[in-house]
Amino acid sequence: MRKWLEKLNEKIDILASSERMRYVRIGGGVFWNLTLLAIIFIAATLLFVGGVGAGYFASLTKDEPLRSKEEMREQIFSYEETSELYFANDIYIGKIRTDLDRRETSLANISPSLINAVLATEDEYFREHTGIVPKAVLRGLLQDVSNSSTQTGGSTLTQQLIKNQILTNEVSYERKAKEILLAYRLEHFMTKEEILEAYLNIIPYGRNSSGRNIAGIETAAQGIFGVSASKLNLPQAAYIAGIPQAPFTYTPFTNKGEQKSAEGIQPGIDRMKTVLYRMQEAGYITEKEYNEAIAYDITKDFKGYEIRPEEKYPWLTAELELRSKEIFAKILAEKDGIDPDRLKEEKNLNEKYTIMADRTIRSGGYRIYSTINKDMYDAMKKVTEDFTLYGQTYKKKEKDPETGEEIEVDIPVQTGSIVIENSTGRILSFVGGRDHNITQVNHATNAFRSNGSTMKPLLAYAPAIDYGVIGAGSPVVDVKFVHPVTGWDPVNYNPNQELGIIPARQAVASSQNLAVARLYDSILDRRPATYLEKMGFSKLVPNDYENSSTVLGSLTIGASVEENTNAYATFANNGQFIDAYMIDRIEDLDGNIIYEHKVEPVKVFAPETAYIMTDMLRDVLKQGGTGTLAKSQLKFSSDFAAKTGTTQDHNDVWFVGYNPNISVGVWMGYEKLRTLYAFNNRYQHPSQRVNRLWANYLNTLYDIDPKLVGTKETFKKPEGVVTRSFCGISGLAPSTSCANAGLVTSDLFNKNVFLPTQPDDSFVSSTSVVINGNTYAALPKTPTEFVQMSGFGLNQAFVNRMLGKLGGDASKLLSFSSGKGVVTGAPFSADSAPPQPVFATLANGSLSWTASPSNDVVGYRVYSVTDQGRSLVRSLKSYEGYRVSVSPGVRYIVVAVDITGLESGYSNEVGEVVETPPPAPPAPPETEEEENVVPGEVIEDLDEIEVDVDPVESEPSGE
């Protein structure tokens, strides 16, 4: 350069030395020197600016870590993807609730028209550049420095990918510098096809026809046009390709899923035309294709409003999300080396992994397959909507959480139901409630209530059979008591009812509270609530193991419909508990199964216990049982066993029934405790309502799958279950006295734990009387005309054994109809005062009278009266009625007689006066003479007898 400049100067000097060039030489020299100075200055400036720029760029990116190829690729491909929910048999429900819907696809499954539209619009040099286009970067920089109103942008697809997946949307030179650096680096780590595919899967595309935010080309195609990305035509492809520049301006839908107005849609259409123009300009389409696409009416292709899964199936989607989170929380904890069981015990730990699990299912793109049968679920939903006998809907006023204004809201009767396949535990269907807009509580799985009398078989009868305490027909005592320690004094549904000694089978069928309370008290020290633990009751507390009232459903927290029904399925499964489940399996994006439910049976009862309990529960559906109405409403027959339940004040009613294939449970009640009972008959009795609803569900399930629901299979009796005879009041081996009393019966026993082999010792010879329907031992002074002369009394030791530590009125042990003249032998404590008189009437040859108010009356005597005195016409025992036929023309009086033989004063005199000589009044007849008196005819007109008894409802109270 120096030599060249020297030669150049020599030539210039020669030229300049001529006289002619004198003035030119002087001016040229000055100009040349100035030019050299300018060149040097510009070069120095450029070097300085370049150095400063490079230094500034370096300073901007100095904190950016050097990312490896593997790290960058992982970050690029780790975009969030929405998980999906499915019914059984892989029937699609919809996407899980999330802030952004996205579904991954491959480049091979994307329309070529769409790819061309994206390249023509977003990055025309994509195939040539190495991550950045320098002139575009400089143009953007100059526009930014000059604060130009026109901002054309300069980001390649690679840069946009970096911004979305590795960096942020922050507007700063530092972020832009890092973006340029990483884009250039990424081009060395990924192919163009990989970059393009990743870009098309992450870019936001506004909203879909459900109003949800969407990202990714497949989600956009499905959500806007209802077709896959591979099926998009040219105008559709151009429309979608234009959306990313302004997603919420160009999307055709509002955030509610409604189609925008023509004015609101127009910007998107204009943008589509721009994309088409650029495609033609870039040579991707011909002029003819362009003109046809411009004239295309894109609005007719927009997808109609699509209801969101959480709107159509609110309880189902919420329940599947909840159970999925529980599963993932355990998986994530286990990955971290933490025992999943700790999540149940440690609240903070559970909260941590539940949050992590929630993020995982919402962004991991999993496919969650449930056990729910779509047809069954839809059918049960319709039955729930159509049922009209729930009960009264109340109103209340409360503040609107959004406006703060006072509004009136409904308080309807709620319901929850569930269907479980016994052999697998699969939840086939459920009903979470009546209206999700009123309450979001899932009354099938997450509402915990007292389960009333449905607790009795689970906590008392089945454990007692398992312990070898009773068989199916063993006697239990339905007599009132006051607990000596707690003061608890339960009653039957009819508070005045005491059935005495009855078979356990009968006590189950008619749901007697007193009988089961006594039985449970006798086994309470064995902690039978441990059976509930094994059957999945999740809310047990220490008091539930100790309280006598737990047997009537008085759990501290309660049980869900799922838990209660699942427990009854234990009987159907030969005594094995199979935990109910709703998530069958979960697959990842590549179809790998990351979770699959495994059935793990737990032995709870012996098979013999399960069968005997089932056989007893069959009687609930027979005449006299509390579930006969439900059985009568079924349009098919199957081997069903069932139990009903009613809690205190009719706050809850239950019906749980099962056959060999399925178990179905139903609950009804208000969300906050309130009686279901109505004093009018508009909605029927609460127990009748739940009977009918259960039957309605079963009928519609039968229509869907008659083989499963209406199976002809029956419960098979194990070899250990045998039929044996026994004395009905003691449960022991029959004795001659028991046989003579007609009390020998037979029923099912588990021969492995209990058979009636010990001889019966219940009876002693006895005479008795009946007072107010109860039998008592006759006293020496009791007139023989009112005494049952031959019979059997109960041994006092036996009486004491049956009443046990709880005690009770021994006279209530046997009803008057029990056996042939069998009495309890309980002495009656007389008051030594004559009974109170009665009032008599005479009409149409029939003499009747009122019952004496006294409580020790054994019978009545009817006398004819003349001027000479009175003559005995007839003696009637207290249970033989209050009426006899008499002859006309005679006057009559009636007296009551107590157990000690004392007569009441005379009743009023009725009848006609008869003119006869007045003989001396006879003395009261001796017993021997009374036996020779011809009695009058007893009139048994039941319509004329007033009985003061409360009406018996179909279901006893749960407390």
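Given the structure is predicted, the values throughout are model-derived calculations rather than measurements.

Caption draft 1: Layout of the state of the cysteines. Per the stated rule, a full pass over the model turns up one disulfide. Note that C727 is cross-linked by a disulfide to C738, the S-S spacing being 2.2 Å. Measuring handedness by torsion sign, the sulfur bridge of C727 and C738 sits at about 100° and is right-handed. Placement of C727 in strand β20 (residues 721-727) and of C738 in helix α29 (residues 736-740) is noted, with a sequence separation of 11 residues between them. Of the two residues examined, C727 and C738, each falls in the buried class.

Caption draft 2: Examining the nonpolar core more closely. With 60 residues, the main nonpolar core has L114, I162, L200, Y205, I240 and L276 as its most contacted residues. Leave out the neighbours within four places in its chain, and L114 touches I217, L232, A237, I240 and A241. Judged by nonpolar contacts, the second largest core, of 55 residues, contains L519, Y520, F537 and Y545.

Caption draft 3: Fine view of a negative patch on the surface. There is a patch of like negative charges on the surface, built from E334, D339, D341 and E345. You can see D341 is positioned in the loop between α15 (314-335) and α16 (342-345).

Caption draft 4: The pattern of salt bridges, seen in detail. For the structure shown, the criterion picks out 42 salt bridges. In this structure, the salt-bridge partner of D747 is R505, at a minimum N-O distance of 2.7 Å. With a gap of 242 residues between them, D747 in strand β21 (residues 744-750) and R505 in helix α20 (residues 504-509) connect regions that are remote in the sequence. For R505, a relative accessible area of 13% corresponds to the buried category. As a salt-bridge pair, R891 and E909 come within 2.9 Å of each other at their nearest N and O atoms. Here E909 lies in the loop between β32 (891-898) and β33 (910-911) and R891 lies in strand β32, a separation of 18 residues in the sequence. Note on R891: relative accessible area 11%, which makes it buried. A single network of salt bridges, built from pairs that share partners, joins R505, D615, R618, D619, K622, D639 and D747.

Caption draft 5: Representation of the side chain of E562. For E562, the position within the fold is in helix α24 (residues 561-572). Using a relative accessible area of 11% as the deciding quantity, one classes E562 as buried. Only 2.6 Å separates the side chain of E562 from the side chain of R323, close enough to count as a polar contact.

Caption draft 6: Up close: empty space enclosed by the protein. For the structure on display, the rule yields one cavity of 30 Å³ or more. In this structure, the largest cavity occupies an estimated 30 Å³ of space. Considering the residues around the largest cavity, the lining is formed by 10 residues, among which T644, W654, S687, V690 and N691 are closest to the centre. Residue composition of the lining of the largest cavity, grouped by class: three nonpolar, six polar and one charged.

Caption draft 7: Looking closely at helix α30 (residues 796-803). Within α30 the residues assigned to the buried category are F798, V799, M802 and L803. For α30, the angular spread of the buried residues around the axis is 125°, confining them to a single face. Two or three places before A797, at the start of α30, stands the capping residue N795, its side-chain oxygen 3.0 Å from that residue's backbone nitrogen. At the C-terminal side of α30, G804 shows a positive phi close to 60°.

Rules behind the numbers
Along every chain, residues carry numbers that run from 1 in the direction the sequence is written. This being a predicted model, a pLDDT of at least 70 is required before a residue's local features are given, and a value of 80 or more before pairs of side-chain atoms are given or counted; all residues contribute to the totals for chains, interfaces and linings. Only heavy atoms go into the side-chain values, all of them from the structure, while hydrogens and water stay out. What counts as a disulfide here is a pair of cysteine sulfur atoms lying within 2.5 Å. Strands are runs of DSSP state E lasting at least 2 residues, helices are runs of H or I lasting at least 4, and numbering of each runs from the N terminus. Note on exposure labels: buried denotes an accessible area under 20% of the residue type's maximum, exposed denotes more than 50%, and partly exposed covers the range between, all computed with a 1.4 Å probe on protein chains only. What makes a nonpolar core is a set of buried Ala, Val, Leu, Ile, Met, Phe, Trp, Tyr and Cys residues whose side-chain atoms join them at distances within 4.5 Å. Contact between two residues is taken to exist if any of their heavy atoms lie within 4.5 Å; hydrogens are not considered. Without a salt bridge and with relative accessible area above 30%, a residue can belong to a patch; like charges are then joined within 9 Å and nonpolar side chains (Val, Leu, Ile, Met, Phe, Trp, Tyr) within 5 Å. Only the protein chains shown count as cover for residues, and the accessible areas themselves come from Shrake-Rupley with a 1.4 Å probe. One side-chain nitrogen of Lys or Arg within 4 Å of one carboxyl oxygen of Asp or Glu is enough to make a salt bridge. Charge counting treats Lys and Arg as positive and Asp and Glu as negative, with His and both chain ends excluded. Working definition for charges: the position is that of NZ of Lys, CZ of Arg, CG of Asp or CD of Glu. Between N or O atoms, a polar contact is any pair within 3.5 Å; within protein, one atom must be a potential hydrogen donor and the other a potential acceptor, and residues adjacent in sequence are included only when both atoms are from side chains. Points on a 1 Å grid, built from protein atoms alone, make a cavity when a 1.4 Å probe fits but cannot get out and make a pocket when they are open with protein on both sides within 12 Å along at least 5 of 7 lines; residues with an atom within 4 Å of a point are the lining residues. Grid points are joined across faces, edges and corners, and a volume is the space filled by probe spheres set on the points. All residues other than Ala, Val, Leu, Ile, Met, Phe, Trp, Tyr, Cys, Pro, Asp, Glu, Lys and Arg, Gly among them, are scored as polar; the first ten of these are nonpolar and the last four charged. Here the arc refers to the set of directions running from the helix axis out to each C-beta atom.

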